[in-house]
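This is what each chain is made of:
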Amino acid sequence: IEALKKAGLLPLEEKLKVHEGVYTYKALNGKLPAAITRQYQKQLSRMNNRSADRRILTIPKHKTEHYKNSPFYRTLTTWNSIPHAIKEADTCATFKRNYQKHLQKNYISPAP
């Protein structure tokens, strides 16, 4: 892991978050098939305008650990953890670049 930090690379778990974020960004912006886009659009919070403006996704109630490990659940929770400013990117490439920088900044800390 130290070698990854020195090279400025993200570990596999963090890379997975980037892919989940990009997938959700595409779904919310109509860049995936309509059925997938609808599934994610239905999860946009309708609780109040503030949540909707911040593009918070509602996470369905679940009873099993199996569901908690599902790709759909993971993409929802990953999306909700992304800062609002990053979610508002104009393009998918900008979103991906900014999210990667955010994760690198939080993962790779300067050596003492």
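In what follows, the structure referred to is the one given above.
Anyway, here's the lowdown on the structure attached to this text. (Residues numbered from 1 in each chain as written. Predicted model: local features only at pLDDT ≥ 70, side-chain atom pairs only at ≥ 80, totals over all residues. Heavy atoms only, no water.)

Take the overall build of the protein next. Within the protein, the secondary structure is distributed over 8 helices and 0 strands. Secondary structure elements of the protein, listed N to C terminal, follow the sequence α-α-α-α-α-α-α-α. Expressed as a percentage of the 112 residues in the protein, the buried residues total 32%. A fraction of 52% describes how many contacts in the protein between residues 6 or more apart in sequence connect residues 24 or more apart. Within the structure as shown, the protein displays about 7600 Å² of accessible surface, and the carbon and sulfur contribution to it stands at 55%. (Helix = DSSP H or I, 4+ residues; strand = E, 2+ residues; numbered from the N terminus. Buried < 20%, exposed > 50% of the residue type's maximum accessible area, 1.4 Å probe, protein only. Contact = heavy atoms within 4.5 Å. Areas by Shrake-Rupley, 256 points an atom, 1.4 Å probe, with all protein chains shown as cover.)

Topologically, leucine 4 is positioned in helix α1 (residues 2-7). Excluding residues that lie within four positions of it along the chain, leucine 4 makes contacts with Leu9, Leu10 and Pro11.

Now for the packing of aromatic side chains. Using the criterion set out here, one finds 6 aromatic pairs in the structure. Each ring, one from tyrosine 40 and one from phenylalanine 72, has its centre 5.1 Å from the other, and the planes form 70°; the classification is edge-to-face. One end of the pair, tyrosine 40, is in helix α3 (residues 34-41); the other, phenylalanine 72, is in helix α6 (residues 71-81), with 32 residues separating them in the sequence. Here tyrosine 40 falls in the buried class, since its relative accessible area comes to 2%. Aromatic rings pair up to connect Tyr25, Trp79, Phe95 and Tyr99 into one cluster. (Phe/Tyr/Trp six-rings, centres within 6.5 Å; stacked < 30°, edge-to-face > 60°.)

The next thing to look at is the nonpolar core. Generally speaking, nonpolar side chains in soluble globular proteins are found buried as a group. Counting 20 residues, the largest nonpolar core has Tyr40, Leu57, Trp79, Phe95 and Tyr99 as its most contacted members. When contributions to this core are tallied by element, the ones reaching two or more residues are α2 (12-28), α6 and α8 (92-107). Among the elements that line this core, the one with the most residues is α2, at 5 residues. (Core = buried A, V, L, I, M, F, W, Y, C linked by side-chain atoms within 4.5 Å.)

Moving on to the packing of α2 against α6. Contact geometry for α2 and α6: axes closest at 9 Å, N-to-C directions at 90°. Classified by the interaxial angle, the pair formed by α2 and α6 is roughly perpendicular. For the pair α2 and α6, contact is made by Leu16, Lys17, Glu20, Gly21, Tyr23, Thr24, Tyr25 and Leu28 and by Arg74, Thr75, Thr78 and Trp79, respectively. Taken together, the residues of the contact of α2 with α6 break down into 5 nonpolar, 4 polar and 3 charged. (Axes fitted to C-alpha atoms, helices over the stretch in contact; angles between N-to-C directions. Parallel < 35°, antiparallel > 145°, perpendicular 65-115°, else oblique. Nonpolar A, V, L, I, M, F, W, Y, C, P; charged D, E, K, R; others polar.)

Look at α2 against α3: their axes get within 8 Å of each other, and the N-to-C directions meet at 95°. Considering their axes alone, α2 and α3 lie roughly perpendicular with respect to each other. The segment α2 lies against α3, with Tyr23, Thr24, Ala27 and Leu28 engaging Ile36, Thr37, Tyr40 and Gln41.

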